[in-house]
Each structure stands twice: as C-alpha cells, then as structure tokens.
Protein chains: 2
Amino acid sequence: MEPSLSRTSVRRLPAKQVQDRAALDAVLDAGKVAHVAVLDDAAQPYVVPVAYARAGDTVLFHGSTASRLFRSLAAGASTCLTVTLLDGLVVARSVFESSMHYRSAMVLGVATPVTGAARREALERITEHLMPGRWAEARQPSPKELAATQVLSLPLDEWSVKVSDGPPDDAADDLDLPVWAGVVPLRPQPYDAAVPAPDLRHDLDVPDYVRAWASQ
Amino acid sequence: MEPSLSRTSVRRLPAKQVQDRAALDAVLDAGKVAHVAVLDDAAQPYVVPVAYARAGDTVLFHGSTASRLFRSLAAGASTCLTVTLLDGLVVARSVFESSMHYRSAMVLGVATPVTGAARREALERITEHLMPGRWAEARQPSPKELAATQVLSLPLDEWSVKVSDGPPDDAADDLDLPVWAGVVPLRPQPYDAAVPAPDLRHDLDVPDYVRAWASQ
C-alpha cells in the first residue's frame, strides 16, 4: 500500500512528506470533514465538503443519490479526498517563512458505490466516526432512506500525508532581527454544552455518550 | 455580482442556500484554510489546502511558483475554492436526519496571477488575515522571495454559500421515539499560549497583537 510517488509526492517541501500509513490513518481518524473533488461535464471542478470515516483500507463518504456530482463519482470519475487539520500558526521573523502547522491527508483514486448490506454498515461507520455511541440508540435507516443515500468507498491505495510542525525556520541572516518569533498552537474545536431539541416529547437527559464527545 | 444559478445553485437542499453577499464575506473572513481544486494534465483532480484572504471582490491565495499545480492555475485553468466552517453536530432521532451545522462558501472561476506591486499588497492581506498585526513587524519579503511566491486572485463572481443551522428536523413519525435529540455546538479552534522560538536571540515578550489572536 505504498503511495504512488508519481502523483502524490510532495515536490515543494519533501521534508514534510510522511510515508507512514499510521500517519495517514491518524489524520483521517482525527478529522470531521473531508473535501472531495468532483468535475462536471465541462470539466469544471467542484470542491465539496462531506462527512466521512475511515474503514480499514478505505475511506467512506456519503451524499444524496439525487446529486449530479455524486452520480458522477459513482460512475467512476477520478477524485481526490483531502482532510486538513490546522494545528497552529508559525510566526517567523520574516513574512516569507511564516506559515501554519497542519496535517493534511490526500487520497486519490476512483470511488465505488457501496451497495446492499454493506451500505448500512458504511453509514454506521460514518455516524460513529462523528457521533460515537449514537448508532445503537438512533432510529436506524429505513429501506427508503438507505436507497436515497449514496455511499462511496475510496481505497487507500494512492495517498500522501503532509505534516508541518516545529519552530519557525528563519534564514540565518534573520536570526539577529529584534523581532519576536514562535508558534501559536491551535487546539481542536471544543464542544459546547448540548442543546436539547425544542420538540423533545420525553424527559430525557443528554446521553452519557453525547457528553463524552466533549472529552474526546 | 449575483451567483450564476446554473453552476452554484444548491439543488439538493435549496433551503440552505444563502444568496446574501454579506454571508459569503462572513464565511471567507472567518476561515483560515481554503481547499482549492487543481487538475493535472490527465484531468486528475487534486484538492489542496491553501492560506488565503478575501480582498474586496476577490479571494487571494498563494503557493510556490515552482508548483506544477499552481502553474496550471496561473495558466488559466478553471478552479473551485471552498471554505468550510464546522459549527456543530445535529443529533436527530433518526440516523438519516443526523447531520452537521456548517457554513460553506464555494467560489468558481479562473484565477489570475497577481503581479508587480500588487503582489506585495496581496501577501500583506493574506498575512494579516491569519496573523493580524504581524505584517508591520515581520521582515518584509525580498524581491527574490516575492519572485518565488505565486499569488493568485479569484474573483467573487460565481459563488454559493450554504448554511446549515437550527434544531434537528426529524420526521413527524419519529417525534414520539424515546430518544434524546438536539444539537452539540462546536466552538472555533482556541489558541494556546504562544511558544517562543528556541533560537530567539533577544529578550522579547510575546507581542500584544499576538496575544490578541486568542480573543478573536
């Protein structure tokens, strides 16, 4: 499962490229939203945010079967799915070396529709990725709902991971400048207190598994 | 500056489409990372994270002049730039209605290279978007650094904004289920305390404008 170096190698900053499959899994498992490329008939690209989850050696994502863009993907169009986590700002002495700490995973390939019983399992993976513990309690999808949901599976065959971390890398000539430099880290987005639906008909506490999301 | 409805209208969930230019600006101004589509010679799409800033009726983003993908954009390839902000999890009674609160801005078009004196101004906009106050203190880009940085400008002519908010929208048949439902909001990523560079040669406090990022 080595990434193809022809299409996914990082030519600009090879030091940032990570060849480790565990690093790919870590980025995909930590993200909540992926951005997927889709082309229309005129080769105009679109970048669409999607909910997703990694499942073994694939990444699963879903959309509506009524979406023309998802139909194009299901028909075998080449795509790219990217997950980016922003970890901080790198405040270098020069504007040129100033940048961001980030982890970004890019997966290239052709997605295939998930069909039959596997579609329900795939939806469970996506739901549990975003909302651990929810699948068992929520009302399961009906056959009609399952039919209205296009689930696509993209194999983790051709991918790259870039990780930018560490202190500013200022040029030697800049180190004597009387200018503060450093890193300002960014933490993951924190959860706020759950807000019950206004039309709740039962006296139900926020479930423990929902409260636990805040401590992820 | 109305968006072209042929390519950017939201067909799936028209209620979520926002036609307001102020909403577009608000999403672009609140985001830190955009995802940009680029095609290679074989029409394989890539989705690349970039630093960006809105400047009036354009969005500016940059990359290396050595990047083949950025060269393709500079040569006039159609692109799409998307900024997505995740605002919360919508925990509906059914799996099918469970979703996310988000704001997503998509801009379609052809980017043009920013040249001459405008390139420095564009880099200032991008730097100040991410790191307000920094431009005036950091060492300005040299002519060589300016030449190595490709800055692209994408006009805000053809765009769409989708906003998903509000409580879960469960089907009437599901409202009696004894299942908790609600929204779990997500706050923006908080800043951690600044970490000075290990090779700082002067006794400098963290600048006030850097401390102020935490209160944005």
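Anyway, here's the lowdown on the structure attached to this text. In this text, all values refer to a predicted model and were calculated from it rather than measured experimentally. (Residues numbered from 1 in each chain as written. Chains lettered and ligands numbered in written order. Predicted model: local features only at pLDDT ≥ 70, side-chain atom pairs only at ≥ 80, totals over all residues. Heavy atoms only, no water.)

## Section: the environment of A:Gly76
Residues and elements named next belong to chain A. Looking at the secondary structure, you find Gly 76 in the loop between α3 (68-74) and β5 (78-91). With relative accessibility at 35%, the residue Gly 76 sits in the partly exposed group. Taking the C-alpha atoms as reference points, Gly 76 and Asp 40, 36 residues apart in sequence, are found 13 Å from one another. (Helix = DSSP H or I, 4+ residues; strand = E, 2+ residues; numbered from the N terminus. Buried < 20%, exposed > 50% of the residue type's maximum accessible area, 1.4 Å probe, protein only.)

## Observations concerning the packing of aromatic side chains
Residue and element names in this part refer to chain A. Evaluated as defined, the whole model comprises four aromatic pairs over all chains. Measuring from centroid to centroid gives 6.3 Å for Tyr 209 and Trp 213, while their planes differ by 55°, and the two rings are tilted. With Tyr 209 and Trp 213 both in helix α6 (residues 208-213) and four residues apart, the pair spans about one turn of that helix. (Phe/Tyr/Trp six-rings, centres within 6.5 Å; stacked < 30°, edge-to-face > 60°.)

## Side note on the relation of the copies chain B and chain A
In screw terms, the move from chain B to chain A is a rotation of 180° and a rise of 0.0 Å along the axis, fitting with an RMSD of 0.0 Å. In the structure described here, the two chain copies are related by an operation that fits a two-fold rotation axis. For chain B, the smallest separation between a C-alpha atom and the rotation axis is recorded for B:Gln189, amounting to 2.2 Å. With an isologous cut-off of 70% or more, the 100% of interface residues of chain B that recur at the interface of chain A puts this contact in the isologous class. (Least-squares fit on C-alpha atoms with pLDDT ≥ 70 in both. Contact = heavy atoms within 4.5 Å.)

## Quick look at the interface of chain B and chain A
Each partner contributes residues to the interface: chain B has 91 residues there, and chain A has 91 residues. Taken over both partners, the interface formed by chain B and chain A buries close to 8,300 Å², and the fraction arising from carbon and sulfur atoms is 64%. In this assembly, chain B and chain A are joined by eight salt bridges. With a closest N to O distance of 2.7 Å, B:Arg139 and A:Asp174 form a salt bridge. Counting residues per element, the side of chain B that touches chain A draws most heavily on strand β5 (residues 78-91) of chain B, at nine residues. In terms of strand pairing, strand β10 (residues 182-185) of chain A meets strand β11 (residues 195-196) of chain B through two bridges, oriented antiparallel. Note on β11(B): the bridge partner recorded for A:Gly182 is B:Pro196. (Buried area = accessible area lost by both parts, 1.4 Å probe. Salt bridge = Lys/Arg side-chain N within 4 Å of Asp/Glu carboxyl O. Pairing = 2+ DSSP bridges.)

## Focus on the state of the cysteines
Scanning the entire structure with this criterion turns up zero disulfides over all chains. Sulfur of A:Cys80: no disulfide; nearest cysteine sulfur belongs to B:Cys80 and is 13 Å away. By relative accessible area, B:Cys80 is classed as buried at 0%. (Disulfide = S-S within 2.5 Å.)

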